[in-house]
Amino acid sequence: MRAIDGAGTCGMDHPFKISGLNQGTVEVAPKATLACPMTSSLDRWVAEDIQPAAFAWFGQPVVKIKQMSSYSCRNMNGAATGKVSEHAFGNGFDVGGFVLADGREVLVKTGWKGRSDERGFLRTVQATACQRFTTVLAPGSNVYHYDHIHVDLMRRTSGRWACNPAPIMPTPPNLPVYKAPPMVAAPPPATPAYYPPPAGAVQEPVEELDGAPGEPMVLSPQPLPPQQSSPYPAAAAPQPLTPSAGYPAPSQPYSSPAEAYPAQAQPTPRYPAQNYPASAPSRPPSGVPLPPAGIPMVMRWFGIDPTPTGSTAKQAYAPERQFATPIPPPPAVSGED
């Protein structure tokens, strides 16, 4: 086609009107206006990815691609403001669905969550597109792509690619099946080898089977052949254990630990012997008054109550003493606490 000089930055120097891909075997309807790089990428995508996926999931090829947008001078998502879309340079393509050889239509809008074979095919289409294009937007990426798969070759300074939602490569149902080799008849059984009886063995004739037809058969017992001598030397009989050098034989079997082990010397105790139970504490002799309660021993810790001497008994409280204080206590009022 002639060069397209659109509004602003829209347009292409060498546009193509695409009516078919993969050597014309896959129709593009309606015809798409695309730039040369996008045309080449679409052609390889159809021939190397989409057609093998169609044979794997449906057993037949794709004969038509229903496109929803190619060249269009607009912003992203058709917004009034914002970044210019790749469609404005013939660098974007929207796939709305496919038509199979038997006339069956597989639409992105209904097949993305439709039958299992349609879901598997469309997700394979999206996953393979993420390997060829820098931007792939399928249903689930945003509200604007609920009914088509958008692909473009946008160049980013960061070098990152955008593929939403995350691609999932499903396993097709008709994978090649391994076929076993044809059955070969089993070989005839080999003739059992004949082993002559050992020398000296007595051959007994085999008696006839007893019983009439239809009755259980009874086998006459046969005497066991005599035991043959083994070619291996007989094992030596176990000998009783004898005391070896350095270990004298015990005079008699051990019957108690006292006989088995010599007596051990007990260590000398390093502490005086204790008499249990402890003797009762001594009480002060009668006639010795006990100190009044209420003055604890803690007063000694502050130097107010020195330790008394000459005490004959352990006391929990020290004798009552006068508190050393510069402020005299107030006089007691009769009848008050």
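Here, the structure is the one placed above.
Keep in mind that this is a model prediction, so the values were computed, not measured.

Rules used throughout
Residues numbered from 1 in each chain as written. Predicted model: local features only at pLDDT ≥ 70, side-chain atom pairs only at ≥ 80, totals over all residues. Heavy atoms only, no water. Salt bridge = Lys/Arg side-chain N within 4 Å of Asp/Glu carboxyl O. Helix = DSSP H or I, 4+ residues; strand = E, 2+ residues; numbered from the N terminus. Buried < 20%, exposed > 50% of the residue type's maximum accessible area, 1.4 Å probe, protein only. Core = buried A, V, L, I, M, F, W, Y, C linked by side-chain atoms within 4.5 Å. Contact = heavy atoms within 4.5 Å. Pairing = 2+ DSSP bridges. Right-handed = clockwise from strand over helix to strand, strands pointing away. Phe/Tyr/Trp six-rings, centres within 6.5 Å; stacked < 30°, edge-to-face > 60°. Lys NZ or Arg CZ within 6 Å of the ring centre and 35° of its normal.

A. Here's a closer look at the pattern of salt bridges. All chains considered together, the criterion is met by six salt bridges. The salt bridge partner of Glu118 is Arg104, with a shortest N-O separation of 3.2 Å. Of this pair, Glu118 sits in helix α3 (residues 116-129) while Arg104 sits in the loop between β6 (92-100) and β7 (105-107); the two residues are 14 residues apart in sequence, bridging distant segments of the chain. Exposure remark for Glu118: the relative accessible area of 11% places this residue in the buried category. Salt bridges sharing partners connect three or more residues here, namely Arg104, Arg115, Asp117 and Glu118.

B. Expanded view of the nonpolar core. Counting 36 residues, the largest nonpolar core has Leu42, Trp45, Phe93, Phe98, Phe121, Phe133 and Val151 as its most contacted members. Broken down by element, this core gets its largest block of residues, 10 residues, from helix α1 (residues 36-58). In contact with Trp45, not counting residues within four places along its chain, are Ile50, Val95, Val125, Thr128, Ala129, Arg132, Phe133 and Val151.

C. Looking closely at the pairing of strand β4 (residues 26-34). Pairing of strand β3 (residues 16-21) with β4, which is carried by five bridges, proceeds in the antiparallel orientation. Counterpart to Gly20 in the pairing with β4 is Glu27. The antiparallel hairpin formed by β3 and β4 contains four residues in its connecting segment, where Asn22 sits at a positive phi of about 55 degrees. Looking at chain direction, β4 and strand β5 (residues 62-69) are connected through three bridges and run parallel. Across the sheet, Glu27 pairs through a bridge with Lys64, a residue of β5. Taken together, β4, α1 and β5 form a β-α-β motif whose crossover is left-handed.

D. Expanded view of the packing of aromatic side chains. In the structure shown here, the tally under the stated rule is three aromatic pairs. Ring geometry for Phe98 versus Phe121: centroids 5.3 Å apart, planes at 80 degrees, classification edge-to-face. Taken together, the residues span a long stretch of sequence, with Phe98 in strand β6 and Phe121 in helix α3 at a distance of 23 residues. With respect to class, Phe98 is no different from Phe121; both count as buried. Cluster of aromatic residues (ring-pair linked, three or more members): Phe58, Phe98 and Phe121. Over the ring of Trp112 we find Arg123, and its NZ or CZ is 4.3 Å from the ring centre.

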